[in-house]
Amino acid sequence: MGFESTHTQGMAQRRRWRERQHLARLCDLVADSLLPYLEPEPPGTRRPELTREEERCVLLTLARVNKAIRGWDDDEEEEVDDGDASDEHLQFSTKLLRDTTYLSVSSSCLLEIASCSGEAHSCSLPPDHHFDDGFSCLANITSIVVGLHHFCSDYIKHSAGNILMAISNSLMKFEAVWIQFVELVWAAIHTVSAHNHSTIDATNCSGKVSTCCSSAVESISQSTMTSSTSIASFMVVLKLRCVSISRLIMTSLFRVLHTILKFLKLSDSELKDDFICLSIHHIQKLRWHPGYQLIAGKVVSLVKDDRHSFSRDYAQFGFVSGSLLQLVCSLVEQSDLEDMGRRDIFVKLVDVIPRLVTFLQEQQDIPKGLSQYYKHKILMLMMRLKPHMQQNCSHIICLLKLLQDHFQNLLHEPMSGHISKLENCLEGSPFLGEIQDKTTRHLQRQAMYLFLSCCIFLACSGNDSRQKCSCKKDEFGHEVQGCIDHCNYFGLTEISDWFQRCCLDKILDSKSSTDIVLCFLQLYMEEDDILFIILLQLLDAPLISLAIDNMESKCTSKLIGAKLFSIIFDPVHTFHVLLSLLHYDHLVLVDYLISKDVGVHCAQYLLRCLRLVSQCWNAFIDDSVYEAQIQKLTCKRQRTLKNTKLGFSRDKGSNSEKQLFLSAKVCLLSLKRTLEDLHQKDLFPYNPKPLLKSLARFEELCQQCCSN
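About the thresholds
Residues numbered from 1 in each chain as written. Predicted model: local features only at pLDDT ≥ 70, side-chain atom pairs only at ≥ 80, totals over all residues. Heavy atoms only, no water. Helix = DSSP H or I, 4+ residues; strand = E, 2+ residues; numbered from the N terminus. Expected span 1.5 Å × (residues − 1). Buried < 20%, exposed > 50% of the residue type's maximum accessible area, 1.4 Å probe, protein only. Salt bridge = Lys/Arg side-chain N within 4 Å of Asp/Glu carboxyl O. Phe/Tyr/Trp six-rings, centres within 6.5 Å; stacked < 30°, edge-to-face > 60°. Axes fitted to C-alpha atoms, helices over the stretch in contact; angles between N-to-C directions. Parallel < 35°, antiparallel > 145°, perpendicular 65-115°, else oblique. Left-handed = near helix turned anticlockwise from the far one by under 90°. Contact = heavy atoms within 4.5 Å. Nonpolar A, V, L, I, M, F, W, Y, C, P; charged D, E, K, R; others polar. Patch = residues over 30% accessible without salt bridge, like charges linked within 9 Å, V, L, I, M, F, W, Y side chains within 5 Å. Areas by Shrake-Rupley, 256 points an atom, 1.4 Å probe, with all protein chains shown as cover. Lys, Arg positive; Asp, Glu negative; His and termini not counted. Charge placed at Lys NZ, Arg CZ, Asp CG, Glu CD. Core = buried A, V, L, I, M, F, W, Y, C linked by side-chain atoms within 4.5 Å.

Honestly, helix 9 (residues 228–241) in this entry has me stumped. Any pointers?
Given 3.6 residues to a turn, an α-helix orients residues that are three or four positions apart in the same direction. Between its first and last C-alpha atoms helix 9 spans 20 Å; for 14 residues at 1.5 Å apiece the expected length is 20 Å, and the two agree. Residues of helix 9 that are buried include every one of Ser 230, Ile 231, Ser 233, Phe 234, Met 235, Val 237, Leu 238, Lys 239 and Arg 241, and no others.

Sorry if this is basic, but what is going on with the pattern of salt bridges here?
Where side chains of opposite charge bring their charged atoms close, a pairing between them can arise. Evaluation of the coordinates by the stated rule reveals 12 salt bridges. The salt bridge partner of Lys 563 is Asp 549, with a shortest N-O separation of 2.5 Å. Here Asp 549 lies in helix 25 (residues 541–549) and Lys 563 lies in helix 26 (residues 560–568), a separation of 14 residues in the sequence. We classify Lys 563 as buried; its relative accessible area is 15%. With a shortest N-O distance of 3.2 Å, Lys 672 and Glu 699 are connected by a salt bridge. Within this pair, whereas Lys 672 is found in helix 32 (residues 657–680), its partner Glu 699 is found in helix 33 (residues 689–707), the two being separated by 27 residues in sequence. The class of Lys 672 is buried, set by a relative accessible area of 10%. When salt bridges that share partners are traced, they join Arg 441, Arg 445, Glu 526 and Glu 527 into one network.

Please clarify how the packing of aromatic side chains should be interpreted in this entry.
Geometrically, a pair of aromatic rings is defined through the distance of the ring centres and the angle of the planes. Applying the stated criterion across every chain, the model contains 19 aromatic pairs. On the numbers, 5.9 Å between centres and 85° between planes, the contact of Phe 620 with Phe 698 is edge-to-face. Here Phe 698 lies in helix 33 and Phe 620 lies in helix 30 (residues 617–621), a separation of 78 residues in the sequence. With relative accessibility at 2%, the residue Phe 698 sits in the buried group. Summarising the aromatic geometry, the rings of Phe 684 and Tyr 686 are spaced 4.8 Å apart at their centres and angled 65° between planes, so their arrangement reads as edge-to-face. Here Phe 684 falls in the buried class, since its relative accessible area comes to 8%.

Teacher, can you tell me more about unusual backbone geometry here?
At Asp 268, a position not held by glycine, the phi torsion is positive, near 50°. Mapping Asp 268 onto the fold places it in the loop between helix 10 (248–266) and helix 11 (272–285). Classification of Asp 268 as exposed rests on a relative accessible area of 63%. Not every positive phi belongs to a glycine, and Asp 682 is a case in point at roughly 60°. Among the secondary structure elements, Asp 682 is positioned in the loop between helix 32 and helix 33. For Asp 682, a relative accessible area of 67% corresponds to the exposed category.

Help me understand the packing of helix 23 (residues 513–524) against helix 27 (residues 571–581) in this model?
The description of two helices packed together rests on the angle between their axes and the distance between the axes. Running from amino to carboxyl end, helix 23 crosses helix 27 at an angle of 60°, the nearest separation of the two axes being 10 Å. Overall, the two elements helix 23 and helix 27 adopt an arrangement that is oblique. Every pair of crossing elements has a handedness; the one defined by helix 23 and helix 27 is right-handed. Touching Thr 514, Val 517, Leu 518, Leu 521 and Gln 522 of helix 23 are His 573, Thr 574, Val 577, Leu 578 and Leu 581, all from helix 27. Residues belonging to the contact of helix 23 with helix 27 are distributed by class as follows: six nonpolar, four polar and no charged.

Would you mind showing me how to read the packing of helix 27 against helix 29 (residues 599–615) here?
Where helix 27 contacts helix 29, the axes come no closer than 10 Å and their chain directions differ by 120°. Relative to helix 29, the element helix 27 is oriented oblique. Viewed along their axes, helix 27 and helix 29 form a crossing whose handedness is left-handed. Here Pro 571, Val 572, Thr 574, Phe 575 and Leu 578 of helix 27 lie close against helix 29, whose contacting residues are Tyr 605, Leu 606, Cys 609, Leu 612 and Val 613. Looking at the contact of helix 27 with helix 29 residue by residue, the class counts come to nine nonpolar, one polar and no charged.

What is the right way to look at the environment of Lys 285 in this model?
Position of Lys 285 relative to the elements: it lies in helix 11. Distance in space between the C-alpha atoms of Lys 285 and His 190 is 8.5 Å, their sequence separation being 95 residues.

Is there a simple way to think about the side chain of Asn 140 in this case?
Topologically, Asn 140 is positioned in helix 5 (residues 135–147). Judged by relative accessible area, Asn 140 falls into the buried class, the value being 0%. Other than its neighbours up to four places away in sequence, Asn 140 contacts Cys 27, Ala 31, Cys 123, Ser 124, Leu 125 and Arg 241.

Got a minute to help me understand a negative patch on the surface in this structure?
A cluster of acidic residues, Glu 175, Asp 268, Glu 270 and Asp 274, forms a negative patch on the protein surface. Following the sequence through the fold, Glu 270 ends up in the loop between helix 10 and helix 11.

What am I meant to see in the nonpolar core here?
Grouped together as the largest cluster of nonpolar side chains are 192 residues, with contacts concentrated most on Trp 178, Met 382, Trp 498, Phe 520, Phe 565, Phe 569 and Phe 620. Top contributing element to this core by residue count: helix 21 (residues 438–459), with 13 residues. Each residue touching Trp 498, except ones within four places of it in the same chain, is listed here: Leu 411, His 412, Met 448, Phe 451, Leu 452, Cys 503 and Phe 565.

Below, the structure is given as structure tokens:
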């Protein structure tokens, strides 16, 4: 036991010595090479614009530092590959037994580590700002490299960001030190945000250093490995080395964090979860109230004379929020949606969404392209977070209200508007750009999917006892009642009002219910990955009708729109329309099934549809059943709303119910034969047996139908 204890202590001492030696080496390199460019200036003054030669000199120095750090890592990897780990372990254990004085070395002696030049190391921190336990080197390194981000040159900012990334890679072998490094990068972001929140004129900032730092430290000191005292001292040092603090520094640091996250994912590092948890904690702690919002006018007044900065224009300030949005979306990847173990972590980002959306609305002078990028990222974030939010109805209601308040124009955009226009223009026509906005349609698809999935979830949540409903008064200021029945009715009302306004009120007599489904699917046909997600969601449309039937009659008079939606988007009929849009080409279905992006969702959709077809066989072979349901309900709607009756037009000379069934039959049976052939040749990317079994059942039903 004594030997094992001694050996463990020795290994810990040796590892700690290696950490400090590595930090001292980094500290000497960064301070000797880069600190001369951060000479003290009078408080409140901006660093003069660099000449081309000065900028070139700084960039060459940054490149040399970056190359040196990466070279150290490569050398260490080669040493590990060439060394014999077992011999080293044996020699080290023997040395521990022979030389007991090794263990008597105090921690204070370890601070005096020989630098790469052979001299005793001493951090070049300002007086009264040295830290304990080796934290001085890390604070010195980070403050110097972050301090370089205030230069006007975007090339210097980019190169400084690359050095932060190289330092991160270099420190990953020391987990605790690496986590402290990431915390310091976030502390730098909080320093910039607190500074700009507390001051408008940079000349008044010198008297508010302690106020800025104390407020930022108070917000981030919880749940971090670094002490609040060390963070506060680091913030003061950073302000001394970064005289002119611009919010654009936040943009560079957000990009650095995003790059670190990408590296962690590519290398499948165990530190990825630590990074995600730490980043979500700090994003929650960012100061968001209206006085802190990143107002473009203030930033332009600080940097409007910069020659090389992208920030001369009001619109360019959107890069700050754009970088934050990019980071937040990367924290919640599509692959994380199935990981329910992370639900408690990701659900914390729910609080961030309303703040980001509010900020988006305040940016009035940004160009259309940047505004659409914001909307795309926010909608993507909502889509990724929704599976983690479904345990609480108040979160879903919050999403719906945000969609109604900030994305209403997308929700009410006509689905069929672009289809008729395309008939008059050739693809690639120069006139097509004026009438066909692909980006707007992409945003419309995202917003409409989110809206419908939230409404259907609430409408069908009444019988799910697992759902929690705590929406008496949510933290976003929305006043709603707190019961499952209310959430259920709220979802039904929302979808009823939307369908009434977006579809029914804009359909003329010549249009049919089939045209509504056709226009809806045509809108989504342009994006395969969203197409099958929305089709899977529409399979739950009949549950809306069941939910309305279970309600009291006095509550259902305003829900005819929702009832019509449920029947018009009948899954069996929608399946017929989809096959007709594909021109009954079974090879298109094969392409979907083997696709890396949509294959799983397409297989899920076909399996569920084939199960429904076997259960509702009469409706599948005779579409007049569907027509009768529509006519019955539209007559009721006409009496209630005194509106134009929704017709169900059909060309009697062609496309009869029998022809629809025969075309679908040929398509699905051809699909079955093709899948069997691919499976026999072992060319299908996954096991198609469940799908083949369903198609075999479909073939049996077809044979029974023909025999009758």
